[in-house]
Amino acid sequence: QLIGFNVLVFSLLALGLNVVVGWGGLLDLGYVAFFGIGAYTYALLSSDQFDVHLPTILAASAAILTATILGLLVGLPSRRLVGDYLAIVTLFFLQIFVTLATNATSINFPFKDGPIDVTGGPNGIANLDPYHVGRFAAETVRDYYYVALGFFVVVLAALHFVNESRTGRAWRALREDPLAAEAMGIPVNRLKLMAFMFGAGVAGLTGTIFGAQGTGVFPQDFALSLLITVYACVILG
């Protein structure tokens, strides 16, 4: 069951990364950071870290929205960067995230008397609230397996329809030749931002499932080795 759950987590991450790299042709090396942002946002809103316990729908939605907005912000430089230069910028973003997650244990905020531990440092954030929607409460690995399977089917179906749409065809044109696509009137910059946002949103969603199932999030969960594994899933898949 745990192996099946992990397979679905990597499959969801691969689906999101495929939008950016496979369809958009953008070499994004910061993708795992959005996975971590989704997990940490869910953890901050569904744990004793700040004693906030939002309903699962609100916490997961906030995590997805946060990851999507940051995907937009990170994607803004992609309008002028391509190839290795874009890879360097996005990899820098990943390293910033890991550094903050590891060291944001004593942050001074306005109107607060002392420093606040935001991310828990290397020890992470533990005892996350489980997925709970209506009468359904995910309590076992089997439950999370079916939750991940449900999200996987929904994301796969949504991306299938997007791939067959004008946007999907435009993404493929962008991947093959950005200059030719722009010359034919395709909004290249907007498509790049959309690819980053789509991928980041899927990664953020996956992060909430991952964090809830593991009942905790830790900086080492989002290391560079994970990015390499997800790229291998996309390329070999």
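Above this note sits the structure.
Right, let's walk through the structure included here. (Residues numbered from 1 in each chain as written. Predicted model: local features only at pLDDT ≥ 70, side-chain atom pairs only at ≥ 80, totals over all residues. Heavy atoms only, no water.)

Under the counting rule described, the total for this entry stands at 1 salt bridge. Residue Arg175 is joined to Glu176 by a salt bridge in which the shortest nitrogen-to-oxygen separation is 3.1 Å. Classification of Glu176 as exposed rests on a relative accessible area of 58%. (Salt bridge = Lys/Arg side-chain N within 4 Å of Asp/Glu carboxyl O. Buried < 20%, exposed > 50% of the residue type's maximum accessible area, 1.4 Å probe, protein only.)

Here we take up the side chain of Thr56. Within the fold, Thr56 resides in helix H3 (residues 56-75). A polar contact of 3.5 Å, which involves the side chain of Thr56, links it to the backbone oxygen of Pro130. Those residues in contact with Thr56 that lie beyond four places of it in its chain are Tyr42, Pro130, Tyr131, His132 and Val133. (Helix = DSSP H or I, 4+ residues; strand = E, 2+ residues; numbered from the N terminus. Polar contact = N/O pair within 3.5 Å; in protein donor to acceptor, adjacent residues only side chain to side chain. Contact = heavy atoms within 4.5 Å.)

Attention now goes to the side chain of Thr68. Among the structural elements, Thr68 can be located in helix H3. Polar contacts involving the side chain of Thr68 include one to the main-chain carbonyl oxygen of Ile64, which spans 2.7 Å. Residues contacting Thr68, with those up to four places away along its chain left out, are Met197, Ala200 and Gly201.

Now for the packing of helix H6 (residues 166-176) against helix H8 (residues 188-214). Geometry of a packed helix pair, given as the angle between the helix axes and the separation of the axes. Relative to each other, H6 and H8 sit at 105 degrees, their axes nearing to 10 Å. Our classification of the angle between H6 and H8 gives roughly perpendicular. Each of Thr167, Ala170, Trp171 and Leu174 in H6 lies in contact with H8, whose residues at this interface are Val188, Leu191, Lys192, Met194, Ala195 and Phe198. When the residues that make up the contact of H6 with H8 are grouped by side-chain class, the tally is 8 nonpolar, 1 polar and 1 charged. (Axes fitted to C-alpha atoms, helices over the stretch in contact; angles between N-to-C directions. Parallel < 35°, antiparallel > 145°, perpendicular 65-115°, else oblique. Nonpolar A, V, L, I, M, F, W, Y, C, P; charged D, E, K, R; others polar.)

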